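The residues making up each chain are set out below.
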Amino acid sequence: MNAQTKSIPSGPAAAAMISAGIGGLTIGILTTGAVLSEALKNALVLYTPAGPLSGKTTFGIAAWLLSWLILNALWKNKDLNLRSAFTWTLVLLGLGLLLTFPPIFEAFEA
Amino acid sequence: MVLTAREIWTALHGMVFGAAYLLAFTAGLVGLYSLRESWVTGKGIAERIMRLKWTTGIMSILSFLTVFSGTYIVYPWYRAPAPEGADLLEYPRNFLLADPNLSGWHTFGMEWKEHIAWFSPILTVAVLYLIFRYGPMLAQDKYKNLRWMIVVLFLLSFATAGVAGLFGALITKAAPIL
């Protein structure tokens, strides 16, 4: 065998993938949420010149990193079903992408 | 020929950081696709993994530089509201919205681009981590599924950056930041 043979549990891979999905979904939820709620839109303005985009992306990145930290701590020594983790990742990313697609979030505009 | 500070930042954002990221993708994809123990020797796998670490590491830095420079430097110039009586050419968002034939570049193009772009660094860093964590094992048949999952995440990171880059170029053509 050419490659090294030691084995690493699949938990860290599942944590990295699913947390990426959580980060994407958070950006999506905040993007559509800012359309639904003027209060949320204003609360997301962390840097005035960039408007609510600054909050959507800051909280999206925070959700990604925080969920990664937590999931990795929980799963670092576990062998999980990677297919299932990957499917969940694609679902989360897909939902996030849909909620950041203008025709979708503009449909919620009053 | 003189470039303003805004034009230099816009070029750095799109044509240096963003374009370099998109170009580096091909190298990463080829490296990932050919990472199989039946195709490459042990030394070859070690070399490919090292190259993949460098490629995806540089791509991660570039993707963050692209979205941060876009969101916090270029975008504020784009969305700055035009004062009464101002020349709209200096206020790209207002310029686009003022013309029904151009408003779609903002309401669809920019609104999509500014959000979807942020998926790319998240996915690129996930790919980088998986390459570092699993390393040469990814070449083994046992890890074939994980290798393909990484390829899909890598393709998604490229696709999201590609959408953002394409709309960035088209919007800049319709309403440049001067």
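Calculation criteria
Residues numbered from 1 in each chain as written. Chains lettered and ligands numbered in written order. Predicted model: local features only at pLDDT ≥ 70, side-chain atom pairs only at ≥ 80, totals over all residues. Heavy atoms only, no water. Helix = DSSP H or I, 4+ residues; strand = E, 2+ residues; numbered from the N terminus. Rg over C-alpha atoms; globule rule 2.2 N^0.38 Å. Buried < 20%, exposed > 50% of the residue type's maximum accessible area, 1.4 Å probe, protein only. Contact = heavy atoms within 4.5 Å. Areas by Shrake-Rupley, 256 points an atom, 1.4 Å probe, with all protein chains shown as cover. Core = buried A, V, L, I, M, F, W, Y, C linked by side-chain atoms within 4.5 Å. Axes fitted to C-alpha atoms, helices over the stretch in contact; angles between N-to-C directions. Parallel < 35°, antiparallel > 145°, perpendicular 65-115°, else oblique. Left-handed = near helix turned anticlockwise from the far one by under 90°. Nonpolar A, V, L, I, M, F, W, Y, C, P; charged D, E, K, R; others polar. 1 Å grid on protein atoms, 1.4 Å probe; cavity = no way out; pocket = protein on both sides within 12 Å on 5 of 7 lines; lining within 4 Å. Points joined across faces, edges and corners; volume = space filled by probe spheres on them.

(A) Spotlight on the overall build of chain A. Along its length, chain A carries five helices and zero strands. Reading the helices (α) and strands (β) of chain A from amino to carboxyl end gives α-α-α-α-α. Taken over the C-alpha trace, chain A has a radius of gyration of 17 Å; the compact-globule value for 110 residues is 13 Å, which it surpasses by more than 25%. In terms of overall dimensions, chain A has a C-alpha envelope of 60 × 25 × 25 Å along the principal axes. By the burial criterion, 48% of the 110 residues in chain A qualify as buried. Look at the contacts in chain A between residues 6 or more apart in sequence, and 76% of them connect residues 24 or more apart. For chain A, the computed accessible surface area is about 5,400 Å², with 66% contributed by carbon and sulfur atoms.

(B) Layout of the nonpolar core. One finds Met17(A), Leu130(B), Tyr134(B), Leu146(B) and Leu153(B) to be the most contacted residues of the largest nonpolar core, which totals 71 residues. The contact partners of Met17(A), leaving out residues within four places of it in the chain, are Leu82(A), Ala85(A), Phe86(A), Thr89(A), Leu130(B), Met149(B) and Leu153(B).

(C) Structural detail: the packing of helix H1 (residues 11-36) of chain A against helix H4 (residues 82-99) of chain A. All names here are of chain A. In the contact formed by H1 and H4, the axes pass within 7 Å of each other and the chain directions differ by 15°. On the basis of the axis angle, H1 is roughly parallel to H4. Two packed elements cross with a definite hand, and for H1 against H4 that hand is left-handed. Residue classes in the contact of H1 with H4 are distributed as 16 nonpolar, seven polar and no charged.

(D) Highlighting the layout of surface pockets. Residue and element names in this part refer to chain B. Space inside the largest pocket adds up to approximately 750 Å³. For the largest pocket, the lining is made up of 37 residues, of which His13, Gly14, Lys113, Ala164 and Gly168 are closest to its centre. Mapped by element, the contributors of at least two residues to the lining of the largest pocket are helix H1 (5-33), helix H2 (42-79), helix H4 (103-116), helix H5 (119-134) and helix H6 (144-174). Element by element, the count of residues in the lining of the largest pocket is highest for H1, at 10 residues. Of the residues that constitute the lining of the largest pocket, the class distribution is 22 nonpolar, 12 polar and three charged.

(E) Fine view of the packing of H1(B) against H6(B). All names here are of chain B. Viewed as axis vectors pointing N to C, H1 and H6 meet at an angle of 165°, and their least axial separation amounts to 11 Å. One way to sum up the angle between H1 and H6 is to call them roughly antiparallel. As H1 runs across H6, the sense of the crossing is left-handed. Residue-level contacts link Tyr21, Leu22, Phe25, Gly28, Leu29, Leu32 and Tyr33 of H1 to Arg147, Trp148, Ile150, Val151, Phe154, Leu155, Ser157, Phe158, Ala161 and Gly162 of H6. Here the contact of H1 with H6 is built from residues that sort into 13 nonpolar, three polar and one charged.

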